Amino acid sequence: MIKVDRRILKTQESLKKAVIELMAVKNFDDITIQDIADQANVNRGTIYLHYQDKYDLLDKLIESHMNELGEMDEWACKLDWSNGLVPFFEYFEKNYLFFSTMLASKGAPSFRTRLLDYVMGGFRGEIDRESGRNVDLNEDVMLQYAGTAYVGVIEWWIRNEMPYPPQIMAEQVGVLLERSL
């Protein structure tokens, strides 16, 4: 694995942070490369050293969060629902600015769809078929129902400035998902 220079990582993080901060106050389509450069306190040319354009920057930012969520899947899925969801809600809390901006932004509507696809993919292997309670239910309908509910709860929680701590959210949502899947 190639080790990336810390200065490069620091610049990329600064650019990602800048675009999210700008999206919190401006529609993504109205944000210019110069806006991002000014917010990150770098030259315009620096952005092009790392990204093709602002869309590439946004895509890489989204991809990095989706990858981090995916890495948590590997071990969280081995836990029961409530305990397995705690790290996810803690991650959403830690990255509040990103998720609140992305879920509220009209400039990145595909993010919600991408998050929903990710969630439904994770739930696919969690459907209880052994007990017989889901035998007459279509898997696609179950996944759409549970995935949409989960993403909706995340949106609600974030838009309402996280009125409950991650542990409470994980416990509540875990019980509901266990009932559904």
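Bear in mind that the values here come from a model prediction, so they are computed numbers and not experimental data.

Another point: the overall build of the chain. Each helix and strand counted, the chain has nine helices and zero strands in total. Overall, the C-alpha framework of the chain stretches about 60 × 40 × 30 Å when taken along its three principal axes. With 181 residues in all, the chain has 41% of them scored as buried. When contacts within the chain are restricted to residue pairs at least 6 apart in sequence, those whose partners lie at least 24 apart make up 65%. Looking at the chain as shown, the accessible area adds up to about 10,600 Å², and 51% of this sits on carbon and sulfur atoms. Positive and negative side-chain charges in the chain, numbering 20 and 29 respectively, have mean positions lying 6 Å apart.

Turning to the packing of helix α1 (residues 6-23) against helix α4 (residues 54-76), a few remarks are in order. A packed helix pair is summarised by two numbers, namely the angle formed by the two axes and the spacing between the axes. It is at 10 Å that the axes of α1 and α4 come closest, and there the two elements cross at 100°. In this view, α1 runs roughly perpendicular relative to α4, as classed from their interaxial angle. Listed contacts from α4 to L15, K16, V19, I20 and M23 of α1 are L57, L58, K60, L61 and S64. Classifying every residue of the contact of α1 with α4 by side-chain character gives seven nonpolar, one polar and two charged.

The next thing to look at is the pattern of salt bridges. One pass over the structure, following the stated rule, counts 10 salt bridges. D5 is paired through a salt bridge with R7; the nearest N and O atoms lie 2.6 Å apart. You can call D5 partly exposed: its relative accessible area is 32%. Given a relative accessible area of 62%, R7 falls into the exposed group. In this structure, the salt-bridge partner of E155 is R112, at a minimum N-O distance of 2.9 Å. Of this pair, E155 sits in helix α8 (residues 139-159) while R112 sits in helix α7 (residues 110-123), placing them 43 residues apart in sequence. With relative accessibility at 11%, the residue E155 sits in the buried group. What emerges from the salt-bridge pattern is a single network uniting D59, E63 and R114.

All right, on to the packing of aromatic side chains then. Aromatic ring pairs are reported here in terms of the distance separating the ring centres and the angle at which the planes meet. All chains considered together, the criterion is met by 12 aromatic pairs. Here a set of aromatic residues connected by ring pairs shows up, and it is made of W81, F89, Y91, F92, F98, F99, F111, F123, Y150 and W157. Above the plane of the ring of F28 lies K54, whose end atom (NZ or CZ) is 4.8 Å from the centre.

This part covers the side chain of T101. Here T101 shows up in helix α6 (residues 96-104). Residue class for T101 comes out buried when judged on its relative accessible area of 6%. In contact with T101, not counting residues within four places along its chain, are I20, M23, A24 and Y96.

Attention now moves to the environment of L176. Position of L176 relative to the elements: it lies in helix α9 (residues 166-180). When the C-alpha positions of L176 and V135 are compared, they lie 19 Å apart, and in sequence the two are 41 residues distant.

Side chains of V4, I8 and L9 sit close together on the surface and give an oily, nonpolar patch of about 220 Å² of accessible area. By the secondary structure assignment, L9 is in helix α1.

It is worth spelling out α7 at this point. Taking 1.5 Å as the rise per residue, α7 with 14 residues should run 20 Å; its terminal C-alpha atoms sit 20 Å apart, in good agreement. All of the buried residues in α7 are F111, L115, L116, Y118, V119, M120 and F123. Contacts made by the buried residues of α7 are with α4, α5 (81-94), α6, α8 and α9.

Each value, and the rule that gives it
Residues numbered from 1 in each chain as written. Predicted model: local features only at pLDDT ≥ 70, side-chain atom pairs only at ≥ 80, totals over all residues. Heavy atoms only, no water. Helix = DSSP H or I, 4+ residues; strand = E, 2+ residues; numbered from the N terminus. Buried < 20%, exposed > 50% of the residue type's maximum accessible area, 1.4 Å probe, protein only. Contact = heavy atoms within 4.5 Å. Areas by Shrake-Rupley, 256 points an atom, 1.4 Å probe, with all protein chains shown as cover. Lys, Arg positive; Asp, Glu negative; His and termini not counted. Charge placed at Lys NZ, Arg CZ, Asp CG, Glu CD. Axes fitted to C-alpha atoms, helices over the stretch in contact; angles between N-to-C directions. Parallel < 35°, antiparallel > 145°, perpendicular 65-115°, else oblique. Nonpolar A, V, L, I, M, F, W, Y, C, P; charged D, E, K, R; others polar. Salt bridge = Lys/Arg side-chain N within 4 Å of Asp/Glu carboxyl O. Phe/Tyr/Trp six-rings, centres within 6.5 Å; stacked < 30°, edge-to-face > 60°. Lys NZ or Arg CZ within 6 Å of the ring centre and 35° of its normal. Patch = residues over 30% accessible without salt bridge, like charges linked within 9 Å, V, L, I, M, F, W, Y side chains within 5 Å. Expected span 1.5 Å × (residues − 1).

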